[in-house]
Amino acid sequence: MAFRQSDQARVPSYIHMMDRILLFPLLSFVPLFLHAQARIDPELIEAWILQEQAEVLIVMNEQPQISFAQSLISKEARGQYVYAMATQLAEDSQAQLRDHLQSRDIAHHPYSIVNAIWANLTAAEAELIATFPGVARLDPNPWIRQELGWSSSTIGQSRSAVEWGVERIGSTALWAEGIRGAGVVVGGQDTGYDWDHPALISQYRGNLGDTVIHDYHWHDAIRELNPMNNGGSNPCGLDSAEPCDDHNHGTHTMGTMIGDDGEGNQIGVAPEASWMACRNMERGYGSPASYIECFEFFLAPTRVDGSEPDPNMAPDVIANSWSCPEIEGCNPGNFELMETAINNLRASGVVVVTSAGNSGPNCETVSTPPSIFAGAFAVGATASNDSIAGFSSRGPVGLDGSGRLQPQVVAPGVAVRSSIRDGQYASFQGTSMAGPHVAGAVALLISARPGLAGQVEQIEEILSASARPLFSSQDCAGFPGNESPNAVYGHGLIDLEQALTEADIVLSTSEATDKAIDVSVFPNPTSDQLNILSDGEDILSVELYDLLGQRLLTIRGERRTILTIHLKDLPSGSYLASVQTSAGYASRLFNKQ
């Protein structure tokens, strides 16, 4: 059972805990106890006074090293590389700990996007695990009460006009050119999704017309009822095999990204994009583990039962309309874990859009993960007159002492009409409504310029540089309101027409102009030789790299469409082949047995 930080007022502080040593059964050897205690968060020690078990995140010392991903051109190669690096590290470093948890029949769930394991532990088990080699620390995994950002709502009926926010950011101008999001996949992690809502069902990636398949398109990270909900049943149940929304919030955010029922409810920015999703909250309550589990699903989507992960099925962009406040368990001591998950997902080629929060109007109110992190593209909320919403959180980020600018941009977030459960529509407000506008905008940009797929930094640069500057009388810690960017509006209101112009400038001067080419490697896995085949183009060179980015082999001067490389002296493992042809570059991962 999870615990709440509010319970701490009823127990003594960690400083005065030594008189309670006898509560822990493994303390007969005091030096071992002291060694273990240094790795266990004090909140966990207090939790075990109140209850026999507590949810724990076992964090390993070594985290994935994925910087080499930035040198890869295609989104596919980036995703495969990050996934291979992360899973290899997790399998190697967690093996002993996984065996121990399995042998003791302890509930646990391993992760690879961060090198950590969720487990439900007694104090005695935690003390033992804290002594395992490679274990850095044991963090609590409390449930988080969400401020979901819809302080008012009105049920609405169908209407024929394009929703004001969709039009305000310039979506219809791109629609007029035939750019509506086709070929792009958006993802969302939220309270779940009403997948067969009339405005969402056609765009669901699992909807194949004559059949529906949820494998690789849906994951449910909720496997227990949240004690903060004060009982009651969940309308979706637990570990749902198909998309379901237990709260309305997720369905609303997805509608803003891609919604269109074909009968006048034009609520989405990219109505021809496909969507996939993960439920990370139980009726509005999540935990660090549920958020991380969804990040992992987006790195390499799986079948509904969690098997056969495939990084090639990852989305292009995800929307995150949630927060993890310090008062409920996320604190500077465990920020690193969630930030690592975000950075690794970005490195794999997925844009991570977040909602800045609803704690305005004061400065430095962007104060909760994930929006405080440098890797999060945080979005503030504006009203129909482009003024900042009073609730929209302002920067800069003061919680971690960085003083970094957030939000990056703003988008419509007041009186936003979108889909809710049971085929209905309603108007909500909050930065939760603003973030999905930007995720939808990313989908339109990639649809218009496919060379941007996987180029996270370029996409963020384009959206920021093309935003329409907005100014404020509010000055915040080094960011005057009469300058742009500022801590109220960031770089300004996103503008898709300008973004398309900016995209052409960026693409014309970047390595992304290299054409992604069709190259196959086989057999994969291989043994003594690897065949590389290009689709009608001459192969000019091939370079082989290990997963640390070290170049092992270079073959130049070949001008043929198929090339065989002998690998007899190469140890078993995963490798990357970087292929240059007369048409451009491609990178492919392969395994040698």
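Residues numbered from 1 in each chain as written. Predicted model: local features only at pLDDT ≥ 70, side-chain atom pairs only at ≥ 80, totals over all residues. Heavy atoms only, no water.

Colleague: What am I meant to see in the packing of helix 11 (residues 456–466) against helix 12 (residues 496–508) here?
Modeller: Relative orientation and spacing of two packed helices are given, respectively, by the angle between their axes and the distance between those axes. For the pair helix 11 and helix 12, interaxial distance at closest approach is 9 Å and the crossing angle is 130°. Considering their axes alone, helix 11 and helix 12 lie oblique with respect to each other. Note on packing geometry: the crossing formed by helix 11 with helix 12 is right-handed. Contact residues: helix 11 offers Gln458, Glu461, Ile462, Ala465 and Ser466, while helix 12 offers Gln498, Ala499, Glu502, Ala503, Val506 and Leu507. (Axes fitted to C-alpha atoms, helices over the stretch in contact; angles between N-to-C directions. Helix = DSSP H or I, 4+ residues; strand = E, 2+ residues; numbered from the N terminus. Parallel < 35°, antiparallel > 145°, perpendicular 65-115°, else oblique. Left-handed = near helix turned anticlockwise from the far one by under 90°. Contact = heavy atoms within 4.5 Å.)

Colleague: Just checking my understanding: could you explain the sheet that holds strand 2 (residues 108–111) for this structure?
Modeller: Hydrogen bonds between backbone groups are what pair the strands of a sheet, and the pairing can be parallel or antiparallel. The strand order across the open sheet built from four strands is 2-3-1-4, with neighbouring strands paired in antiparallel fashion. Here the strands that pair on one side only, and so sit at the sheet edges, are strand 2 and strand 4 (135–140). Across the sheet, the mean angle separating the axes of adjacent strands is 30° when strand polarity is ignored. In the sheet, strand 1 (residues 53–60) pairs with strand 3 (residues 116–122) via seven bridges, with the strands oriented antiparallel. From the neighbouring strand, Val59 faces strand 3, where its bridge partner is Ala116. Against the sheet, helix 3 (residues 75–103) makes contact with strand 1, strand 2, strand 3 and strand 4, and its axis sits at roughly 175° relative to strand 2, the strand it touches most. Sheet contacts for helix 8 (residues 288–299): strand 1, strand 2 and strand 3; angle to strand 2, the most-contacted strand, approximately 45°. (Pairing = 2+ DSSP bridges.)

Colleague: Looking at this structure, how should I read the packing of helix 10 (residues 431–448) against helix 11?
Modeller: Two elements in contact, helix 10 and helix 11, have axes whose closest approach is 11 Å; the angle formed by their N-to-C orientations is 110°. The orientation of helix 10 relative to helix 11 falls into the category roughly perpendicular. Considering how the two elements wind past one another, helix 10 and helix 11 form a crossing that is right-handed. Two secondary-structure elements touch here, helix 10 through Val438, Val442, Leu445 and Ile446 and helix 11 through Ile459, Ile462 and Leu463. The residue makeup of the contact of helix 10 with helix 11, split by class, is seven nonpolar, no polar and no charged. (Nonpolar A, V, L, I, M, F, W, Y, C, P; charged D, E, K, R; others polar.)

Just distances and angles here, no functional claims.
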